[in-house]
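Chain residues, written in single-letter form:
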Amino acid sequence: MNGIFSDRITDVPRSFIREILKVTVDESIISFAGGLPNRDLFPVNEIKRATNKVLDLFGADVLQYSASEGFLGLREWIAQRYKTRKNIDVDPDDILITAGSQQGLDLLGKTILNDGDDVVMEEPGYLGAIQAFSLYKPTFHPIPLETDGVDIQKFEQAVRNHNIKLFYCVPNFHNPAGISYTLEKRNAIADIVRGTNTIIIEDDPYGELRFLGSEQPSFYKLIPENTVLLGSFSKIVVPSFRIGWIVARKEVMEKLIIAKQASDLHTNYFGQRIIHQLLTDYPIDDHIQTIRKAYGIQRDAMVEAIEEYFPKDIEYTKPEGGMFLWVTLPEGVSAVEVFNEAIARKVAFVPGDPFYINKKGVNTLRLNFSCTNEDTTRLGIQRLGEVITSRIG
Ligand code: PMP
């Protein structure tokens, strides 16, 4: 069986997080390692009723093959929401329904990247995007992420000195860093990119999950001609349906549809119809409000516990939304080594390494706060604080 695999797949490692999650299935471990939305908030009964309703009303119609672009009713709903929530004009024909925004990343890689093409990534960056793009063998240019967005000088240098095809970013409630881009940085990036061929991939699965502060304009609003916007129902409804979307201008969309057809013909149509029925029959804003409130309380519990139990010189981000918080240990302390000790103390997190391109033994780590209640969070952070304190002396 020698030599049967493509170079493309051979060079890309398995998801490190999936490996870590195996360690944390032990129920006695308090896990801040996952990246999951809180299952207690899933609208189980509403999904049950919506499922029965689409079958009662539309029968076999919702079980047939369907359009590659996705169900028009759902695309219209998404377009309408951009209009009412963000005052962004999106034509339903500029929307492609995908199997989660993760598929959107793969389709964009397939559509845009040739071997060696230049791609700017945030450092740290979303692991799933690093993995998705890696299959298309680009040259990555990691730009350090600060608490208000990427380092602008380094970003400008990269765009001026290379033919950057893509800039991938998560401007709201970053995974893993928990930060959001300020208006100043958004404008600065739009100014640098304007007039170039660089496409900003604005990945926004968490944008609706704000519990503090005020919303900033999307890159799609600031510089639509250079932006492709990704959205998802994973964090505001449920992830198991695997339904997300790409918003892109016509010439990009035409190519994405070809890639989509080659990949899976179309996104699960039954799932699209159930989600659409759910959104039609139930007030989604009330549901999102419930999620925001719960995550806000859990985030506060984590921040308070960190203040109390972590050594004072440890830096961490204070997210205004989303599900993650990012911790920076003192220089030279490897988060992987802290992880091994933490597991022995029955608390888990994700060490920073997989969020960097070609770096090992970094001193940063990600904590997830969406899945643990206040008491468990306190206990877990207390244990972690003890591990860190003993480590750094
Ligand atoms: N982008 C980011 C930044 C994410 O955090 C995630 C989920 N972990 C995704 C994309 C993928 O989400 P989806 O379920 O829509 O594929």
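Just so we're clear, the structure is a prediction, and the values are computed from it rather than from any experiment.

**A short note on the overall build of the protein**
- Counting its regular elements, the protein contains 14 helices and 14 strands.
- Its C-alpha atoms give the protein a radius of gyration of 21 Å, near enough to 21 Å, the size a compact globule of 393 residues would have.
- For the protein, the spread of C-alpha atoms along the principal axes amounts to about 65 × 55 × 55 Å.
- Across the protein, the fraction of contacts at a sequence separation of at least 24, relative to all contacts at a separation of at least 6, is 76%.

**Points about helix H11 (residues 269-281)**
- Under the 1.5 Å per step criterion, the end-to-end length of H11 is 18 Å for 13 residues, consistent within 8% with the ideal 18 Å.
- Counted residue by residue, H11 has ten buried out of 13 residues, so it is predominantly covered.
- Inspection of H11 places Tyr269, Gly271, Gln272, Arg273, Ile274, Ile275, His276, Gln277, Leu278 and Leu279 among the buried residues, and these make up the whole buried set.
- Contacts from the buried residues of H11 go to helix H3 (44-58), helix H4 (72-86), strand E2 (95-98) and helix H12 (284-309).

**Looking at the environment of Arg14**
- With respect to the helices and strands, Arg14 occurs in the loop between helix H1 (7-10) and helix H2 (16-23).
- Between the C-alpha atom of Arg14 and that of Lys221, which follows or precedes it by 207 residues, the distance is 35 Å.

**Concerning the sheet that holds strand E13 (residues 350-351)**
- In space, the four strands of this open sheet follow the order E10-E11-E14-E13, with antiparallel pairing throughout. One side of each edge strand has no neighbouring strand; the edge strands of this open sheet are strand E10 (315-316) and E13.

**Examining the sheet that holds strand E9 (residues 244-247)**
- Reading across from one edge, E2-E9-E8-E7-E6-E3-E4-E5 is the order of the eight strands in this open sheet, with mixed pairing throughout. Of all strands in the sheet, those with a lone pairing partner are E2 and strand E5 (149-150), marking the two edges.
- Pairing geometry for E2 and E9, over four bridges, is antiparallel. Bridge pairing in E9 links Ile95 to Val247.
- Strands strand E3 (118-123), strand E4 (139-146), E5 and strand E6 (164-169) of the sheet are contacted by helix H7 (residues 152-161), whose axis makes an angle of about 160° with E4.
- Running over the sheet, helix H10 (residues 250-264) touches E2, strand E8 (227-232) and E9 and is turned about 25° from E2.

**Some thoughts on the site of the ligand**
- The environment of the ligand is formed by 14 residues, the closest being Gly100, Gln102, Asn175, Ser232 and Ser234.
- The element contributing the most residues to the shell around the ligand is helix H5 (residues 100-112), with three residues.
- Of the residues in the shell around the ligand, the class split is four nonpolar, nine polar and one charged.

**What about the UniProt feature "domain: Aminotransferase class I/classII large" (unreviewed entry) in the protein?**
- Sites flagged by UniProt as "domain: Aminotransferase class I/classII large" (unreviewed entry) map to residues 41-379.
- Secondary structure across residues 41-379 comprises 43% helix and 17% strand; the distance between its end C-alpha atoms is 22 Å.

**Thoughts on the pairing of E6**
- Most of E6 is tucked away: five of the six residues are buried.
- For E3 and E6, the ladder comprises four bridges, and the chain directions are parallel. What sits directly across from Val119, in E6, is Leu166.
- Sheet analysis places E6 next to strand E7 (residues 199-203), joined by four bridges and oriented parallel. Paired with Phe167 across the bridge in E7 is Ile200.
- Handedness of the crossover is the feature at issue here: the chain leaves E6, passes through helix H8 (residues 183-193), returns alongside E7, and the resulting connection is right-handed.

**Some points on the nonpolar core**
- Ile201, Val247, Ile275, Phe349 and Leu367 are the most contacted members of the largest nonpolar core, which has 99 residues in total.
- With near-sequence residues (within four places) excluded, Leu367 lies in contact with Phe32, Met302, Phe324, Leu325, Val327 and Phe349.

**Looking at unusual backbone geometry**
- In this chain, Glu123 is followed by Pro124 through a cis amide linkage whose omega measures 5°.
- Here Pro124 shows up in the loop between E3 and helix H6 (127-134).
- Cis geometry is adopted by the peptide bond preceding Pro176, which originates at Asn175 and carries an omega value of 15°.
- Tracing the backbone through its elements, the reader meets Pro176 in the loop between E6 and H8.
- Of note, the phi angle at Asn87 is positive, near 55°, even though the residue is not glycine.
- You can see Asn87 is positioned in the loop between H4 and E2.
- What makes Asn87 exposed here is the crowd of 10 C-beta atoms within 10 Å.
- The phi angle at Lys346 is positive, at roughly 65°, despite the residue not being glycine.
- Considering the arrangement of structural elements, one finds Lys346 in the loop between helix H13 (335-344) and strand E12 (347-348).

**Looking at the packing of H13 against helix H14 (residues 374-392)**
- Two elements in contact, H13 and H14, have axes separated by 10 Å at closest approach and are oriented at 130°. By the angle between their axes, H13 is oblique relative to H14. Here H13 and H14 pass one another in a crossing that is right-handed. Residue-level contacts link Val338, Glu341 and Ala342 of H13 to Leu384, Val387, Ile388 and Arg391 of H14.
- Partitioning the contact of H13 with H14 into residue classes produces five nonpolar, no polar and two charged.

Reading the values: rules and limits
- Residues numbered from 1 in each chain as written.
- Predicted model: local features only at pLDDT ≥ 70, side-chain atom pairs only at ≥ 80, totals over all residues.
- Helix = DSSP H or I, 4+ residues; strand = E, 2+ residues; numbered from the N terminus.
- Rg over C-alpha atoms; globule rule 2.2 N^0.38 Å.
- Contact = placed C-beta atoms within 7 Å.
- Expected span 1.5 Å × (residues − 1).
- Buried ≥ 20, exposed ≤ 12 C-beta atoms within 10 Å, placed from the backbone.
- Pairing = 2+ DSSP bridges.
- Axes fitted to C-alpha atoms, helices over the stretch in contact; angles between N-to-C directions.
- Near = placed C-beta within 6 Å.
- Nonpolar A, V, L, I, M, F, W, Y, C, P; charged D, E, K, R; others polar.
- UniProt positions renumbered as here; feature names shortened; annotations may be inferred.
- Right-handed = clockwise from strand over helix to strand, strands pointing away.
- Core = buried A, V, L, I, M, F, W, Y, C linked by C-beta atoms within 7 Å.
- Parallel < 35°, antiparallel > 145°, perpendicular 65-115°, else oblique.
- Left-handed = near helix turned anticlockwise from the far one by under 90°.

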